[in-house]
Amino acid sequence: PNSSPLHLDAPISDRQAGAANPRQISLFSPSLSRSSPPPATPAPRTAGKAASKMDWQGQKSAEMLMQVLLVASAVAAFLVGYAMADFQLMLLVYAGGVVLTTLVTVPNWPFFNRHPLKWLDAAEADRHPRPQISSAPATTGGKKKTGKNK
(Lines give C-alpha, C1' and ligand atoms only; values in the text may rest on other atoms or scores of the structure.)
Protein backbone atom coordinates (compact mmCIF):
# COMPACT_ATOMS: atom_id res chain seq x y z
CA PRO A 1 0.00 0.00 0.00
CA ASN A 2 1.14 3.47 -0.86
CA SER A 3 1.00 5.95 2.03
CA SER A 4 1.25 8.98 -0.22
CA PRO A 5 -1.34 11.70 0.50
CA LEU A 6 -2.11 11.75 -3.22
CA HIS A 7 -3.72 8.31 -3.12
CA LEU A 8 -7.06 7.21 -1.76
CA ASP A 9 -8.16 3.72 -0.84
CA ALA A 10 -11.76 3.57 -1.97
CA PRO A 11 -13.85 1.38 -4.24
CA ILE A 12 -14.74 3.05 -7.54
CA SER A 13 -18.11 1.36 -7.84
CA ASP A 14 -19.58 -2.10 -7.46
CA ARG A 15 -19.35 -2.68 -11.23
CA GLN A 16 -15.76 -1.52 -11.66
CA ALA A 17 -14.32 -3.04 -8.49
CA GLY A 18 -15.65 -5.69 -6.18
CA ALA A 19 -17.42 -4.40 -3.08
CA ALA A 20 -14.73 -5.88 -0.86
CA ASN A 21 -11.87 -5.10 -3.24
CA PRO A 22 -10.81 -1.42 -2.95
CA ARG A 23 -8.51 0.02 -5.59
CA GLN A 24 -5.95 2.72 -5.12
CA ILE A 25 -6.87 5.92 -6.90
CA SER A 26 -4.46 8.72 -7.52
CA LEU A 27 -5.98 12.17 -7.24
CA PHE A 28 -3.85 13.33 -10.14
CA SER A 29 -4.36 10.30 -12.38
CA PRO A 30 -5.37 10.98 -15.97
CA SER A 31 -8.55 8.96 -15.56
CA LEU A 32 -9.88 11.42 -12.96
CA SER A 33 -8.75 14.65 -14.56
CA ARG A 34 -10.70 16.26 -17.35
CA SER A 35 -8.96 16.81 -20.62
CA SER A 36 -11.05 19.88 -21.38
CA PRO A 37 -13.38 22.07 -19.35
CA PRO A 38 -17.07 21.30 -19.58
CA PRO A 39 -18.83 23.09 -22.41
CA ALA A 40 -20.13 26.46 -21.35
CA THR A 41 -23.85 26.78 -21.59
CA PRO A 42 -24.95 30.08 -23.09
CA ALA A 43 -26.56 32.49 -20.70
CA PRO A 44 -30.30 32.67 -21.16
CA ARG A 45 -31.56 35.74 -22.94
CA THR A 46 -33.35 38.05 -20.55
CA ALA A 47 -34.54 40.66 -23.01
CA GLY A 48 -37.98 39.09 -23.29
CA LYS A 49 -38.16 38.18 -19.60
CA ALA A 50 -37.11 41.57 -18.22
CA ALA A 51 -40.74 42.69 -18.10
CA SER A 52 -41.73 39.58 -16.11
CA LYS A 53 -39.51 40.38 -13.13
CA MET A 54 -40.98 42.18 -10.16
CA ASP A 55 -40.21 45.90 -10.13
CA TRP A 56 -39.00 47.89 -7.10
CA GLN A 57 -42.42 49.24 -6.15
CA GLY A 58 -43.81 45.72 -6.56
CA GLN A 59 -41.19 44.38 -4.15
CA LYS A 60 -42.03 47.10 -1.66
CA SER A 61 -45.76 46.46 -1.88
CA ALA A 62 -45.23 42.67 -1.68
CA GLU A 63 -43.20 43.10 1.52
CA MET A 64 -45.77 45.45 3.05
CA LEU A 65 -48.61 43.10 2.08
CA MET A 66 -46.69 40.18 3.59
CA GLN A 67 -46.24 41.99 6.89
CA VAL A 68 -49.91 43.04 7.05
CA LEU A 69 -51.17 39.54 6.21
CA LEU A 70 -48.88 37.86 8.75
CA VAL A 71 -49.88 40.24 11.54
CA ALA A 72 -53.57 39.90 10.64
CA SER A 73 -53.34 36.11 10.61
CA ALA A 74 -51.50 36.15 13.95
CA VAL A 75 -54.21 38.32 15.50
CA ALA A 76 -56.97 36.16 14.00
CA ALA A 77 -55.23 32.99 15.17
CA PHE A 78 -54.85 34.35 18.69
CA LEU A 79 -58.50 35.41 18.86
CA VAL A 80 -59.75 32.05 17.54
CA GLY A 81 -57.44 30.11 19.84
CA TYR A 82 -58.45 32.21 22.86
CA ALA A 83 -62.18 32.01 22.11
CA MET A 84 -62.12 28.26 21.50
CA ALA A 85 -59.44 27.58 24.15
CA ASP A 86 -57.62 25.42 21.61
CA PHE A 87 -53.91 25.86 21.02
CA GLN A 88 -53.82 23.43 18.09
CA LEU A 89 -56.60 25.34 16.32
CA MET A 90 -54.68 28.57 16.87
CA LEU A 91 -51.61 27.06 15.22
CA LEU A 92 -53.69 25.76 12.31
CA VAL A 93 -55.28 29.18 11.73
CA TYR A 94 -51.86 30.82 11.77
CA ALA A 95 -50.42 28.16 9.42
CA GLY A 96 -53.31 28.84 7.05
CA GLY A 97 -52.46 32.55 7.19
CA VAL A 98 -48.83 31.80 6.37
CA VAL A 99 -49.86 29.65 3.40
CA LEU A 100 -52.25 32.38 2.20
CA THR A 101 -49.51 35.01 2.59
CA THR A 102 -47.10 32.84 0.62
CA LEU A 103 -49.60 32.34 -2.19
CA VAL A 104 -50.29 36.07 -2.39
CA THR A 105 -46.77 37.49 -2.11
CA VAL A 106 -44.31 34.94 -3.53
CA PRO A 107 -45.56 34.47 -7.12
CA ASN A 108 -44.86 37.26 -9.54
CA TRP A 109 -48.41 38.50 -10.00
CA PRO A 110 -49.04 41.17 -12.67
CA PHE A 111 -50.04 43.80 -10.09
CA PHE A 112 -46.43 43.69 -8.80
CA ASN A 113 -45.19 44.83 -12.25
CA ARG A 114 -46.95 48.16 -12.69
CA HIS A 115 -43.77 50.30 -12.69
CA PRO A 116 -41.16 48.56 -14.89
CA LEU A 117 -37.71 50.07 -15.22
CA LYS A 118 -36.61 51.13 -18.68
CA TRP A 119 -32.99 50.18 -19.32
CA LEU A 120 -30.83 51.65 -22.08
CA ASP A 121 -29.58 49.37 -24.84
CA ALA A 122 -25.81 48.88 -24.86
CA ALA A 123 -25.46 50.82 -28.13
CA GLU A 124 -27.50 53.69 -26.71
CA ALA A 125 -25.43 53.72 -23.51
CA ASP A 126 -22.21 53.96 -25.55
CA ARG A 127 -23.52 57.05 -27.33
CA HIS A 128 -24.22 58.78 -24.02
CA PRO A 129 -21.20 58.28 -21.74
CA ARG A 130 -21.60 58.62 -18.03
CA PRO A 131 -20.64 61.96 -16.52
CA GLN A 132 -17.24 61.99 -14.92
CA ILE A 133 -16.98 62.92 -11.26
CA SER A 134 -14.24 65.44 -10.64
CA SER A 135 -11.98 64.96 -7.67
CA ALA A 136 -11.65 68.72 -7.01
CA PRO A 137 -13.66 69.90 -4.01
CA ALA A 138 -16.66 72.03 -4.82
CA THR A 139 -16.33 75.62 -3.70
CA THR A 140 -19.30 77.48 -2.37
CA GLY A 141 -19.67 81.21 -2.39
CA GLY A 142 -20.23 83.24 0.71
CA LYS A 143 -18.46 83.84 3.94
CA LYS A 144 -16.63 81.17 5.81
CA LYS A 145 -17.98 80.53 9.25
CA THR A 146 -15.68 81.17 12.09
CA GLY A 147 -15.92 79.45 15.41
CA LYS A 148 -17.10 82.60 17.17
CA ASN A 149 -20.76 83.46 17.64
CA LYS A 150 -21.46 87.20 17.97
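One structure accompanies this document, and this report is about it. Every value quoted in this text rests on a predicted model; they were computed, and no experiment measured them. (Residues numbered from 1 in each chain as written. Predicted model: local features only at pLDDT ≥ 70, side-chain atom pairs only at ≥ 80, totals over all residues. Heavy atoms only, no water.)

### Comments concerning the packing of aromatic side chains
(1) Moving on: Under the counting rule described, the total for this entry stands at 2 aromatic pairs.
(2) Moving on: Where F78 meets Y82, the ring centres are 6.0 Å apart and the plane angle is 20 degrees; that geometry is what we call stacked. Of this pair, F78 and Y82 both sit in helix 1 (residues 56-84), 4 residues apart, roughly one helical turn.
(3) Moving on: The exposure class of F78 is partly exposed, given its relative accessible area of 47%.
(4) Moving on: According to the relative accessible area criterion, Y82 is exposed, its value standing at 67%.
(5) Moving on: Aromatic side chains F111 and F112 sit 4.5 Å apart centroid to centroid with 50 degrees between the ring planes, which places their arrangement in the tilted category.
(6) Moving on: Since its relative accessible area comes to 39%, F111 is described here as partly exposed. (Phe/Tyr/Trp six-rings, centres within 6.5 Å; stacked < 30°, edge-to-face > 60°. Helix = DSSP H or I, 4+ residues; strand = E, 2+ residues; numbered from the N terminus. Buried < 20%, exposed > 50% of the residue type's maximum accessible area, 1.4 Å probe, protein only.)

### Remarks on unusual backbone geometry
(1) Moving on: One non-glycine residue, A85, lies in the positive phi region at around 55 degrees.
(2) Moving on: On the basis of relative accessible area, A85 is assigned to the exposed category, the value being 69%.

### Concerning the packing of helix 1 against helix 2 (residues 87-105)
(1) Moving on: With their axes 8 Å apart at the nearest point, helix 1 and helix 2 run at an angle of 165 degrees to one another. By the angle between their directions, the pair helix 1 and helix 2 is classed as roughly antiparallel. Note on packing geometry: the crossing formed by helix 1 with helix 2 is right-handed.
(2) Moving on: For the contact of helix 1 with helix 2, the residue count by class is 17 nonpolar, 5 polar and no charged. (Axes fitted to C-alpha atoms, helices over the stretch in contact; angles between N-to-C directions. Parallel < 35°, antiparallel > 145°, perpendicular 65-115°, else oblique. Left-handed = near helix turned anticlockwise from the far one by under 90°. Nonpolar A, V, L, I, M, F, W, Y, C, P; charged D, E, K, R; others polar.)

### Some points on the environment of A77
(1) Moving on: By secondary structure assignment, the location of A77 is in helix 1.
(2) Moving on: A77 sits 19 residues away from G96 along the chain, and the two C-alpha atoms are 9.3 Å apart.
(3) Moving on: Among residues more than four places away in sequence, those in contact with A77 are M90, V93 and Y94. (Contact = heavy atoms within 4.5 Å.)

### Some thoughts on helix 1
(1) Moving on: Helix length check: helix 1, at 29 residues, gives a terminal C-alpha distance of 42 Å against a target of 42 Å (1.5 Å per residue), a fit within 8%.
(2) Moving on: All buried positions along helix 1 are accounted for by G58, A62, S73, A77 and G81.
(3) Moving on: Where the residues of helix 1 are buried, they touch helix 2.
(4) Moving on: Where helix 1 begins, the side chain of D55 points an oxygen toward the backbone nitrogen of Q57, at a separation of 3.3 Å.
(5) Moving on: One or two residues past the end of helix 1 sits A85, with phi positive at roughly 55 degrees. (Expected span 1.5 Å × (residues − 1). Polar contact = N/O pair within 3.5 Å; in protein donor to acceptor, adjacent residues only side chain to side chain.)

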